[in-house]
Amino acid sequence: GPKDGIDATILAAFDRLLETNRAAVRLDFVITAGVHDNNRLLGKREGDLAVVRLDDPLPTSAALIALLRTNVVIAVAPSRHKLENLSDLKGKRVGLLPRTPLDEPGFVKLLDVFGMKPSDVRMTVIKPDDVATLTNNGRIDCVVIFGVPADPEVAAVVYAVDGKRKEPPQILSIDVGDFMKENAPAA
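Notes on the structure in this doc start here. In this text the structure is predicted, and so the values were computed from the model without any measurement.

Residue position: Cys142 is located in strand S4 (residues 142-147). For Cys142, a relative accessible area of 0% puts it in the buried group. Separated by 19 residues in sequence, Cys142 and Val161 place their C-alpha atoms 8.4 Å apart. If near-sequence neighbours (up to four positions away) are discounted, Cys142 is found in contact with Ala75, Val76, Ala77, Leu83, Leu89, Arg93, Val94, Gly95 and Leu172.

Next up on the list: the pattern of salt bridges. Enumeration according to the criterion identifies six salt bridges in this entry. For the salt bridge of Asp162 with Arg80, the shortest nitrogen-to-oxygen distance reads 2.4 Å. Of this pair, Asp162 sits in the loop between helix H5 (152-160) and strand S5 (170-171) while Arg80 sits in the loop between strand S1 (72-77) and strand S2 (93-97), and the two are 82 residues apart along the sequence. For Asp141, the salt bridge identified is with Arg93, shortest N-O distance 2.7 Å. In this pair, Asp141 is assigned in the loop between helix H4 (131-136) and S4 and Arg93 in strand S2, connecting sequence segments 48 residues apart. Given the relative accessible area of 5%, Asp141 is considered buried. Through salt bridges with shared partners, a single ionic network connects Arg99, Asp151 and Glu153.

Turning our attention to the side chain of Thr32. Checked against the element boundaries, Thr32 lands in the loop between helix H1 (6-20) and helix H2 (35-43). Side-chain polar atoms of Thr32 contact the side chain of Asn38, separated by 2.5 Å.

What follows is about unusual backbone geometry. Phi at Arg22 is positive, roughly 55 degrees, even though this residue is not glycine. For Arg45, which is not glycine, the phi dihedral falls at a positive 60 degrees.

All right, on to helix H3 (residues 103-113) then. Among the residues of H3, Asp103, Gly106, Phe107, Leu110 and Leu111 are the ones counted as buried. Angularly, the buried residues of H3 cover 145 degrees about the axis, an arc narrow enough to put them on a single face. Turned more than 90 degrees away from the buried face of H3, the exposed residues are Lys109 and Asp112. Next to the buried residues of H3 lie S1, S2, strand S3 (122-125) and S4. At the exit of H3 stands Gly115, carrying a positive phi of roughly 75 degrees.

Ordered in space as S3-S2-S4-S1-S5, the five strands form an open sheet in which the pairing is mixed. Among the strands making up the open sheet, the edge pair consists of S3 and S5. As paired strands, S1 and S5 are joined by two bridges and run antiparallel to one another. Note on S5: the bridge partner recorded for Val76 is Ile171. Those strands touched by H3 are S1, S2, S3 and S4, and its axis lies near 140 degrees from that of S2. Strands in contact with H5 are S1, S2, S4 and S5; relative to S4, the strand with the most contacts, it is inclined by about 170 degrees.

With that out of the way, let us pick up the pairing of S1. Successive residues of a regular strand alternate their side chains across the two faces of the sheet. Here S1 pairs with S4 via five bridges, running antiparallel. Looking at S4, one finds that Val72 is bridged to Gly147.

Rules behind the numbers
- Residues numbered from 1 in each chain as written.
- Predicted model: local features only at pLDDT ≥ 70, side-chain atom pairs only at ≥ 80, totals over all residues.
- Heavy atoms only, no water.
- Helix = DSSP H or I, 4+ residues; strand = E, 2+ residues; numbered from the N terminus.
- Buried < 20%, exposed > 50% of the residue type's maximum accessible area, 1.4 Å probe, protein only.
- Contact = heavy atoms within 4.5 Å.
- Salt bridge = Lys/Arg side-chain N within 4 Å of Asp/Glu carboxyl O.
- Polar contact = N/O pair within 3.5 Å; in protein donor to acceptor, adjacent residues only side chain to side chain.
- Arc of directions from axis to C-beta.
- Pairing = 2+ DSSP bridges.
- Axes fitted to C-alpha atoms, helices over the stretch in contact; angles between N-to-C directions.

Here it is, written out as structure tokens:
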């Protein structure tokens, strides 16, 4: 992925561990635009090891080595909207911040898990810099981003959602436990 991305940081730390422990192998980094490009390079055999998303089809020659982290879906809304879970988004204006080409289709799949269609929400692709303005003026009811909560970009989006000290933004509950029990391969 990108040189300054979280995946590159994790793998650089792993490479330092290899060096510290005098392992006979080192990592040679190939910078890409993101995980989708990583899959493509694996498929063309231009890389031996890659950080990928499991919802992007892996090349048939690839094998999973380790699960480094799990991205989550974070849906956050100004508290004045009184939204508590993903089902409450029906008929609402949702701002999606896609970080990869897989985020929008992933969100559509998630809506399906909750019995909704894309037409049940008014989804707009937005930029991180627009979150504060759009939630402040009421043009967006909820913001959705995929990522690791500790990622500074994700945290910045959450903190940008309109909120006051006495009424901070509400992070919506997204419980897919029952769906995963019944549909483990699809999940």
